[in-house]
Amino acid sequence: MDSNFRTFSFVDQIDSISSGSIRGRYRIPAGVSGFPVALAGEAVGQLAAWHAMCQTHFEFRPMAGIVTKVQLVGDPQPGDVLDLQAEISDLSPQAMSYSGRALVNGDIVIVLEGCVGPMLPAEQFDSRESLHARYDKLIEGAAVTGGFEGVPEPDMEFLTGSEMRQEAQLKVPQTAAYFNDHFPRMPVLPGTLQLHAQQLLVRELLRRRHPEPWAPREIANSKLRAFVPPGASLHMEASLHVHGSEPVVDVRVRHEARTVGSAQWRPLRELP
Amino acid sequence: MDSTQEQINTIFPKVAELTADALAIDIARVTPTASLIDDLGAESIDFLDLVFRLEREFNVKIPHGQITVDARGDLSVAEFEEKGVLTDAGLERLKAFLSEVPAERFKTPMRVVEIPKLFTTETFCKVVLRQQQAVAP
């Protein structure tokens, strides 16, 4: 029974796994209204996590932590099949490090480089038996799939802003379908949804500053520092700096007094 | 083999740069004796980040808990600590090992889990040099 792995699970099948790499796939349900590219990153991270969990006999699982560089290249669409790839560079009971990518029809949609995820006891989030059973079905190609019904648009309120700075309040829902899956024993806001909200914040700041289109499509040094519970109210700040002619946006996300996320966004000029 | 101050000085600028990047702070704040936790605000995820950057930059492997293991040296675990608190011998060994840390930062009694609060950028210079020496032919 893998009913847990429905609303926020983005690996349908594991095609191959070896000591240093894992390949898999995920079909975005055709009926969803959209699929933020950050969720393709979630899919790559989940694939890497299956590798780590398998290697530790489902005793530990990695959490989202550090990503040195992310390139948001494409915009996957409902109905697309994501080809997922991850290379594991290190795995210990404390952390796993990996890089990976997702492709659609051979075209890259997202690249993750230098990811480091702290390993935590898997039982804190789900039952080992449930994880093991799901893994076996992913390997056999027999997992129940297609349960993703989309995610609600972030409940964001843009606060006072200027050409160089934009703030926002992000209200994490008290209840949402994805909390049932992320995670059954400890619901927390998925880090990739926080990144999606960051992308919207940066887009709003760039819209004020630049008449020409700039797209927030590259992230450096993203770090998720703490779990964000359902119902949390997050304060987000984006500060624009210009290095040469290139804009760089530092983003910091706070929950109460604590910084829970930070990243540096490096927008790219969109081609006409 | 202990690292020489000259060796430490040689790699300090790069280690300081990586520390500043990991903590997203101005490199001017990264002085040799600044505590990463108490003075620079580092959290556990930052140590993970810093170690990852050091491993890539210097092509070394830094196992989790390596600094404490190295500090303990040839003392047995029982000689080094008792129920999570450093013994007198353990504390003296730690003070000698972390010679870059100002003496007033060592507490008495001192718990093992508090050891990371002592770490400075120079501490990480020394662990990099030790790991390099460990794999040198």
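No experiment lies behind these values; they were computed from the predicted model shown.

Caption draft 1: Here's a closer look at the overall build of chain A. Helix and strand counts for chain A stand at three helices and 15 strands. On the principal axes, the C-alpha backbone points of chain A span a range of 50 × 40 × 35 Å. In chain A, which comprises 272 residues, the proportion classed as buried is 55%. Accessible area for chain A stands at about 11500 Å²; split by element, carbon and sulfur atoms hold 49% of it. Treating the 25 positive side-chain charges of chain A as one cloud and the 32 negative ones as another, the clouds have centres 4 Å apart.

Caption draft 2: Layout of the pattern of salt bridges. The tally for this structure, following the rule as stated, stands at 25 salt bridges over all chains. Residues R165(A) and E237(A) are paired through a salt bridge, measuring 3.4 Å at the closest nitrogen-oxygen approach. Taken together, the residues span a long stretch of sequence, with R165(A) in strand β9 (residues 165–171) and E237(A) in strand β12 (residues 233–243) at a distance of 72 residues. Among the ionic pairs, D38(B) bridges to K117(B), the shortest N-O distance being 4.0 Å. Linking D38(B) in the loop between α1 (5–23) and α2 (44–58) with K117(B) in the loop between α5 (88–97) and α6 (121–135), this pair joins segments that are 79 residues apart in sequence. Taking relative accessible area as the criterion, K117(B) reaches 38% and is therefore assigned partly exposed. Among the charged side chains, a salt-bridge network with shared partners connects K223(A), R225(A), R258(A), E43(B), D46(B), D49(B) and R53(B).

Caption draft 3: A look at the packing of aromatic side chains. All chains considered together, the criterion is met by 16 aromatic pairs over all chains. Relative to W50(A), the ring of F5(A) lies with its centre 6.0 Å away and its plane at 50°, an arrangement referred to as tilted. Note that F5(A) is positioned in the segment before β1 (13–17) and W50(A) in helix α1 (residues 37–55), a separation of 45 residues in sequence. Judged by its relative accessible area of 6%, F5(A) is buried. Through pairs of rings, three or more aromatic residues link up here, namely F8(A), F10(A), Y26(A), F35(A), F148(A), Y178(A) and F179(A). The cationic tip of K126(B) hangs over the ring face of F97(B); the distance from NZ or CZ to the ring centre is 6.0 Å.

Caption draft 4: Representation of the side chain of E204(A). Residues and elements named next belong to chain A. In this fold, E204 is placed in helix α3 (residues 191–209). Residue E204 is classed as buried on the basis of its relative accessible area of 14%. Setting aside anything within four residues of it in sequence, one finds E204 in contact with F158 and Q166.

Caption draft 5: Representation of the pairing of β9(A) within the structure. Residues and elements named next belong to chain A. The pairing of strand β8 (residues 155–161) with β9 spans five bridges and is classified as antiparallel. Bridging from a neighbouring strand, E157 pairs with Q169 of β9. The hairpin formed by β8 and β9 contains three residues between the paired strands. Strand direction decides the pairing type here: β9 and β12, joined by seven bridges, are antiparallel. Note on β12: the bridge partner recorded for Q169 is H235.

Caption draft 6: Focus on the interface of chain B and chain A. In this assembly, 12 residues from chain B lie in contact with 17 residues from chain A. Across the chain B/chain A interface, buried area totals approximately 1200 Å², and carbon plus sulfur atoms make up 55% of it. Interface area lost by chain B to chain A is led by I45(B), L48(B) and F52(B), which between them contribute 43%. Counting across the interface, chain B meets chain A through six salt bridges. A salt bridge links E43(B) to R258(A); the nearest nitrogen and oxygen atoms lie 2.9 Å apart. Counting the contacts that link chain B with chain A gives seven residue pairs in polar contact (both at pLDDT 80 or more).

Calculation rules
- Residues numbered from 1 in each chain as written.
- Chains lettered and ligands numbered in written order.
- Predicted model: local features only at pLDDT ≥ 70, side-chain atom pairs only at ≥ 80, totals over all residues.
- Heavy atoms only, no water.
- Helix = DSSP H or I, 4+ residues; strand = E, 2+ residues; numbered from the N terminus.
- Buried < 20%, exposed > 50% of the residue type's maximum accessible area, 1.4 Å probe, protein only.
- Areas by Shrake-Rupley, 256 points an atom, 1.4 Å probe, with all protein chains shown as cover.
- Lys, Arg positive; Asp, Glu negative; His and termini not counted.
- Charge placed at Lys NZ, Arg CZ, Asp CG, Glu CD.
- Salt bridge = Lys/Arg side-chain N within 4 Å of Asp/Glu carboxyl O.
- Phe/Tyr/Trp six-rings, centres within 6.5 Å; stacked < 30°, edge-to-face > 60°.
- Lys NZ or Arg CZ within 6 Å of the ring centre and 35° of its normal.
- Contact = heavy atoms within 4.5 Å.
- Pairing = 2+ DSSP bridges.
- Buried area = accessible area lost by both parts, 1.4 Å probe.
- Polar contact = N/O pair within 3.5 Å; in protein donor to acceptor, adjacent residues only side chain to side chain.

Take it as geometry only, folks, not as evidence of what the structure does.
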